[in-house]
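Reading the structure
Each chain, written out:
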Amino acid sequence: MTLAPQRDVLALARVDDGSLATRALSACGWLEKGDLQDPRLRVETLSRFHVVSRVTAPDGRMAIVKYPAKGAASGGRNLARELYVYRLARWKPGIASALPRPILLDEARQILAVEYLGHAGSEWPLHFAPYPITLPAVAARLGMAMAKWHGDTTEVSLLPSLSAGILHLGNDTETATADRAAGSARFMRFLADDTVFSQLLAEAQHLYRPSCLIHGDIRGDNWVLQDDELKLIDWEMSGLGDPAWDIAGTLAEMVLQAIRDGIGAEPGMSGWPRTVETLAPIFLNAYRQTDTCDRLVPFTAARLLHVASEWVDAAAPLVNEDSDFTETGVMPILTTVRILCEKRTQATDWFTPWT
Ligand SMILES: Nc1ncnc2c1ncn2[C@@H]1O[C@H](COP(=O)(O)OP(=O)(O)O)[C@@H](O)[C@H]1O
Ligand SMILES: [Mg+2]
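The rules behind each value
Residues numbered from 1 in each chain as written. Chains lettered and ligands numbered in written order. Predicted model: local features only at pLDDT ≥ 70, side-chain atom pairs only at ≥ 80, totals over all residues. Heavy atoms only, no water. Domains from an automatic or database assignment. Buried area = accessible area lost by both parts, 1.4 Å probe. Salt bridge = Lys/Arg side-chain N within 4 Å of Asp/Glu carboxyl O. Polar contact = N/O pair within 3.5 Å; in protein donor to acceptor, adjacent residues only side chain to side chain. Helix = DSSP H or I, 4+ residues; strand = E, 2+ residues; numbered from the N terminus. Donors = N, O, S within 2.8 Å, 3.2 Å for Na, K, Ca; no water. Buried < 20%, exposed > 50% of the residue type's maximum accessible area, 1.4 Å probe, protein only. Core = buried A, V, L, I, M, F, W, Y, C linked by side-chain atoms within 4.5 Å. Contact = heavy atoms within 4.5 Å. Near = heavy atom within 4 Å. Areas by Shrake-Rupley, 256 points an atom, 1.4 Å probe, with all protein chains shown as cover. Phe/Tyr/Trp six-rings, centres within 6.5 Å; stacked < 30°, edge-to-face > 60°. Lys NZ or Arg CZ within 6 Å of the ring centre and 35° of its normal. Expected span 1.5 Å × (residues − 1). Bend = angle between axes of the 7 residues up to and from the residue. Axes fitted to C-alpha atoms, helices over the stretch in contact; angles between N-to-C directions. Left-handed = near helix turned anticlockwise from the far one by under 90°. Nonpolar A, V, L, I, M, F, W, Y, C, P; charged D, E, K, R; others polar.

1. Description of the domain arrangement of the protein chain
- Partitioning the protein chain into domains gives domain 1 (14-115) and domain 2 (136-354).
- Taking only C-alpha atoms into account, the centre of domain 1 sits 28 Å from that of domain 2.
- Summing the contributions of domain 1 and of domain 2, the shared interface buries around 1,700 Å²; its carbon and sulfur component is 56%.
- Three residues, R81, S97 and A98, lead the burial of domain 1 against domain 2; their summed loss comes to 33% of the area buried on that side.
- Between D152 and K92 there is a salt bridge, with the nearest N and O atoms lying 3.9 Å from each other.
- In this structure, the connection of domain 1 to domain 2 is made through 10 residue pairs in polar contact (both at pLDDT 80 or more).
- Among the secondary structure elements, those contributing two or more residues to the side of domain 1 that touches domain 2 are α2 (80-88) and α3 (93-96).
- Here the side of domain 1 that touches domain 2 gets five residues from one element, more than from any other, and that element is α2.

Below, the structure written as structure tokens:
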């Protein structure tokens, strides 16, 4: 069976009593005591690694409340880094302009509440990537916003971002495959055993140079376009990192969106998929000059392999013991990575205008 290559779609929200979310919003004064009994108070909740709720107050105001799911469901994730970014934004305008307005930052209980970005009455969550990178206006605004949060944080002390973990796959395949479903573990071993992929990851690891705050998880459902400004959400993977990892994440997202849209990732003359040839100049002209160009080919390829592993994870119960992973939809991703590695020199030279 071939699955649509959209393994990263969101679960549907359900209506629940949302008592933790509403209690937190009441404790910080966003909800009044009487609101808690008001039948117009509405809570819709998504539950994955985190519980993310949209709370609608009786007067129509809306907030998002996020906290880690209990026990194993959280996969050991926590919101320390995400909460820290909201704290930093108090004195770093380059971050503040890229975030929704915070309502409650609670490190002790690991709760984040922020303004809801969207229109009242709209369905929530919106479908995956409601503002896709394939819209030139989105590519340009992401470039402007990213340049600001990178540029404003070069001297800031930060916990390291853990987002580039895929680069270390070859160091310890055992750990990388532990706790994974059989199909996903086999995919990680397949990547580690493949000469092209393993060399690429080792080289990318060697090139990685942390220097500023990176978001770390650049993907279409982690931003919302509001009043002509792009607001980034989901800073959980953020921290001190190589700015090239965010830029490469953006280039990878261009490829992935084209695959999701069924357009495919046909390579152009440069070795980059045509979609990147069209969109990357818009993004990079907005980001302006960068000294990261030497790393963009290996990092984009590595980020693509990371997302491929997520797609395999999501489809793991359907992966047969001897399958080549075709049923997970990752083939166009792997083909793109191989072509980029083959055409490495010309794909790197293609960035000359931005160096
Ligand atoms: N401030 C917000 N405004 C509107 N929707 C939001 C907001 N924060 C989160 N969401 C929605 O909830 C989803 C999950 O939130 P996110 O912070 O990305 O958590 P996760 O780590 O589970 O991906 C987002 O993809 C988005 O659809
Ligand atoms: Mg997210």
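2. Quick notes on the coordination of the magnesium ion (ligand 2)
- At 2.1 to 2.4 Å from the magnesium ion (ligand 2) lie its protein donor atoms, namely N222 (OD1) and D234 (OD). Here the residue N222 occupies a position in the loop between β7 (212-214) and β8 (223-226), and D234 occupies one in the loop between β9 (229-232) and β10 (239-241), the gap between them amounting to 12 residues. D234 matches N222 in its accessibility class, with the two residues each being buried.

3. Some details on the nonpolar core
- In this structure, L142, W149, L167, F187 and W245 are the most contacted members of the largest nonpolar core, which totals 89 residues.
- The greatest single-element share of this core, amounting to 12 residues, is contributed by helix α10 (residues 293-315).
- A domain split of this core shows at least three residues from each of domain 1 (14-115) and domain 2 (136-354).
- The residues contacting W149, other than those within four sequence positions of it, are G94, I95, A98, L142, L213, I214, H215, I218, L232, W235 and D246.
- Residues L25, L31, I111 and A113 belong to the second largest nonpolar core, which totals 18 residues.

4. Comments concerning the site of ligand 1
- The environment of ligand 1 is made up of 18 residues, and the closest members are R48, K66, L117, D221 and D234.
- A distance of 3.2 Å separates an oxygen atom of ligand 1 from a polar side-chain atom of N222.
- D234 places a polar side-chain atom, nitrogen or oxygen, 2.9 Å from an oxygen atom of ligand 1.
- Considered on its own, ligand 1 offers 540 Å² of accessible surface; in the complex 92% of this is hidden by protein.
- At the level of secondary structure, the elements contributing two or more residues to the shell around ligand 1 comprise β3 (50-56), β4 (62-68) and β6 (111-115).

5. Describing the environment of K33
- Mapped onto the elements, K33 comes out in the loop between α1 (19-27) and β2 (42-47).
- Taking the C-alpha atoms as reference, K33 lies 9.3 Å from R23; in sequence the two are 10 residues apart.

6. A closer look at the packing of aromatic side chains
- The final tally for this structure, using the stated rule, is 12 aromatic pairs.
- Taking 5.0 Å as the distance between ring centres and 80 degrees as the angle between the ring planes, the aromatic pair formed by F187 and F325 counts as edge-to-face. Of this pair, F187 sits in helix α6 (residues 182-193) while F325 sits in the loop between α10 and α11 (331-342), and the two are 138 residues apart along the sequence. The pair F187 / F325 is uniform in exposure class, with both members buried.
- Measuring from centroid to centroid gives 5.5 Å for W272 and F351, while their planes differ by 75 degrees, and the two rings are edge-to-face. One end of the pair, W272, is in the loop between α8 (243-260) and α9 (274-287); the other, F351, is in the segment after α12 (344-349), with 79 residues separating them in the sequence.
- Among the aromatic side chains, those forming a connected cluster through ring pairs are F187, F190, F197 and F325.
- The residue whose ring lies beneath R54 is Y116, and the NZ or CZ to ring-centre distance is 5.1 Å.
- Over the face of the ring belonging to W30 we find R61, whose NZ or CZ atom lies 4.3 Å from the ring centre.

7. Let's talk about α10
- Look at α10: 34 Å from first C-alpha to last across 23 residues, which is about the 33 Å you get at 1.5 Å a residue.
- The largest bend along α10 measures about 25 degrees and falls at F299.
- In terms of residue burial, α10 counts as a mostly covered element, since 18 of its 23 residues are buried.

8. Some points on the packing of helix α4 (residues 136-151) against α9
- At a minimum axis separation of 7 Å, α4 and α9 run at an interaxial angle of 35 degrees. Where α4 crosses over α9, the two elements pack in a sense that is right-handed. Two secondary-structure elements touch here, α4 through P136, A139, A140, L142, G143, M144, M146, A147 and H150 and α9 through L279, I282, F283, A286 and Y287.
- Considered class by class, the residues forming the contact of α4 with α9 number 12 nonpolar, two polar and no charged.

9. Topic: α4
- The terminal C-alpha atoms of α4, which comprises 16 residues, lie 22 Å apart, in line with the 22 Å expected from a rise of 1.5 Å per residue.
- The set of residues buried in α4 consists of V138, A139, A140, R141, L142, G143, A145, M146, W149 and H150.
- Where the residues of α4 are buried, they touch α3, β7, β8, β9, α8 and α9.

10. Comments concerning the pattern of salt bridges
- Evaluation of the coordinates by the stated rule reveals 21 salt bridges.
- A salt bridge links R338 to D194, with the shortest nitrogen-to-oxygen separation between them at 2.8 Å. One end of the pair, R338, is in helix α11; the other, D194, is in the loop between α6 and α7 (195-207), with 144 residues separating them in the sequence.
- Residue class for R338 comes out partly exposed when judged on its relative accessible area of 30%.
- Judged by its relative accessible area of 14%, D194 falls in the buried class.
- Across the pair D242 and R295 runs a salt bridge whose closest N-O atoms are separated by 2.8 Å.

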